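Residues per chain, in single letters:
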Amino acid sequence: EGDSERYLADIRTMLGMSEQVLDERFIISHMVGIAIGDLTFLTVQKTAMTEGLLSNEELRDLAHMLGGFADGRVRIDPSTELFMFDDMLQRFFSDDGNGDGRYIGGPEFERIYTDWGIAQPQGKQFLKAFQPVRAVLVSSRKEIRERAEVFAAAGAVDENLPPWRHDERNSDEAYRELMATGIYSILPFLESLSEDPDRGPIERTCAARDLMETRREASMTMLAVEVYRRMHGAWPKNLVELVPKYMPRVPLDPFDGKPMRYRAPGSASDVPIIYSVGVDQQDDGG
């Protein structure tokens, strides 16, 4: 409604909420933080160029705000997932003193639902009766821990790959092997959270991060293009014209490492199109 000060404060707050959740380190927190960040960049794209809302200086400040989000890149730390597996092994498995043991269930089954504030399953008595069978079907403590370590290591490799090498990510295979141990089956709510057992949380989170950061690059480019239009009375013919006065460098498309695509308007009534080649890395013209 024309209140630029409040608008910028709202955007700053959304980014702050995202960063706070991302600081919790766990993958599920990363997913939530990335979703909030993505919503923020979409909001900027839809509203920042509202006529009469932001001055040139405020558009510049907003671009800096977006650029500084998460210190420029959201980092994903798969190693924190090991804490969750260690917690489950400590609660539900015996310990032979040499890092091995078997699933034994016990009173921790009910306590973990209370600790985590989750409604207990209706078939709880059946699950208790099934515990001796699960003790045979679920892998040993040592094997689960080893597969969890392999998964975390594969996730770290995936995290470091740039988006345009996303097809080289392979932590999903390690995730499938970890799921084959039966570790999640001992707690129905964890099994339900795993969604697709063939697609692991690291690859899903990396993919969400790639999309979010592409939106950020596009949003920052959009702001620079708008300031250029206001200063020159016309849209730039290409993104090179924005450097260095309006942007420090030509923005890169995270999905191929090349400049973000820009299509100048064909007439005075048109607007430019800023786009990414996307996951398939095929330039279809936006």
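Parameters and conventions
Position numbers for residues start from 1 in each chain and track the written sequence from start to end. Two thresholds apply to this predicted model, a pLDDT of at least 70 for residue-level local features and 80 or more for giving and counting side-chain atom pairs, whereas whole-chain, interface and lining totals are computed over all residues. The side-chain numbers reported here are obtained from all heavy atoms of the structure, hydrogens and water having been left aside. Strands are runs of DSSP state E lasting at least two residues, helices are runs of H or I lasting at least four, and both sets are numbered from the N terminus onward. In this treatment the radius of gyration is a C-alpha quantity, and the globule benchmark scales as 2.2 Å times the residue count to the 0.38 power. Under the scheme applied here, a residue whose accessible area is under 20% of the maximum for its type counts as buried, over 50% as exposed, and between as partly exposed, the area being computed with a 1.4 Å probe on protein chains only. Residues count as neighbours in contact if any of their non-hydrogen atoms are within 4.5 Å of one another. Only the protein chains shown count as cover for residues, and all accessible areas are computed by the Shrake-Rupley method using a 1.4 Å probe. His is not counted, nor are the chain ends, whereas Lys and Arg count as positive and Asp and Glu as negative. Think of a salt bridge as a Lys or Arg side-chain nitrogen and an Asp or Glu carboxyl oxygen that are within 4 Å of each other. Counting of polar contacts relies on pairs of N or O atoms within 3.5 Å, with two restrictions inside protein: one atom must be capable of donating a hydrogen and the other of accepting it, and residues adjacent in sequence are counted only when both atoms are side-chain atoms. To estimate how far a helix should reach, multiply one less than its number of residues by 1.5 Å. Each C-beta atom gives one direction from the helix axis, and the arc is the one those directions make. Per residue, pLDDT measures the predictor's confidence, with a range of 0 to 100. Here, nonpolar core refers to any group of buried Ala, Val, Leu, Ile, Met, Phe, Trp, Tyr and Cys residues whose side-chain atoms link them within 4.5 Å.

Draft legend 1. Highlighting the overall build of the protein chain. For the protein chain, the helix and strand inventory stands at 11 helices and two strands. Shown N-terminal to C-terminal, the secondary structure of the protein chain runs as helices and strands in the order α-α-α-α-α-α-α-α-α-α-α-β-β. Compactness check: the protein chain gives a C-alpha radius of gyration of 24 Å against a globular reference of 19 Å for 286 residues, more than 25% above the reference. For the protein chain, the C-alpha atoms occupy an extent of roughly 75 × 40 × 30 Å along the three principal directions. Across the 286 residues of the protein chain, 45% fall into the buried class. Long-range pairs, those at least 24 residues apart, make up 66% of the contacts in the protein chain between residues at least 6 apart in sequence. As displayed, the protein chain has an accessible area near 14900 Å², and 53% of this comes from carbon and sulfur atoms.

Draft legend 2. Summary view of unusual backbone geometry. Cis peptide bonds are those with omega within 30 degrees of zero, and the linkage from Val-243 to Pro-244 qualifies with 0°. With respect to the element layout, Pro-244 can be found in the loop between helix H11 (201-232) and strand S1 (261-263). Positive phi, normally seen in glycine, also occurs at Asp-71, with a value near 55°. Of note, Asp-71 is situated in the loop between helix H3 (56-68) and helix H4 (81-92).

Draft legend 3. Seen up close, the side chain of Arg-141. Tracing the backbone shows Arg-141 in helix H8 (residues 141-160). Buried charge without a salt bridge: Arg-141, with Asp-95 as the nearest opposite-charge side chain at an N-O distance of 4.0 Å. A distance of 3.5 Å separates the side chain of Arg-141 from the backbone oxygen of Phe-93, its partner in a polar contact. Leave out the neighbours within four places in its chain, and Arg-141 touches Leu-89, Gln-90, Phe-93, Ser-94, Asp-95, Gly-99, Asp-100 and Gly-101.

Draft legend 4. Up close: the environment of Arg-261. Structurally, Arg-261 is set in strand S1. The class of Arg-261 is buried, set by a relative accessible area of 16%. For Arg-261 and His-232, which are 29 residues apart along the polypeptide, the C-alpha to C-alpha distance reads 21 Å. When sequence neighbours within four positions are dropped, the list of residues in contact with Arg-261 reads Asp-253, Asp-256, Ile-273, Ile-274, Tyr-275, Val-277 and Asp-283.

Draft legend 5. Helix H2 (residues 27-47), seen in detail. Here H2 spans 30 Å end to end across 21 residues, near enough to the 30 Å set by a 1.5 Å rise per residue. Every buried residue of H2 is listed here: Ile-27, Ser-29, His-30, Gly-33, Ile-34, Gly-37, Asp-38, Thr-40, Phe-41 and Val-44. When H2 is viewed along its axis, its buried side chains cluster within an angular range of 170° and face the same direction. Exposed positions of H2 whose direction lies more than 90 degrees from the buried face are Ile-28 and Lys-46. On its buried face, H2 is in contact with helix H1 (4-22), H3, H4 and H11.

Draft legend 6. Local environment of the confidence of the model for the protein chain. Averaged over all residues, the pLDDT of the protein chain is 89; the fraction at 70 or higher stands at 92%. Across the protein chain, the element-wise mean pLDDT spans from 60 in helix H6 (residues 124-129) up to 97 in H1.

Draft legend 7. A look at the nonpolar core. If you look at the biggest cluster of nonpolar residues, it comprises 36 residues, and the most contacted ones within it are Tyr-7, Val-44, Leu-62 and Leu-223. Among the elements of the structure, H1, H2, H3 and H11 are those that each provide at least two residues to this core. The element contributing the most residues to this core is H11, with nine residues. Here Leu-223 is in contact with Val-44, Ala-48, Leu-59, Leu-62, Ala-63 and Leu-66, once residues within four sequence places are set aside. Membership of the second largest hydrophobic core comes to 30 residues, among which are Ile-27, Leu-178, Ile-183 and Cys-206.

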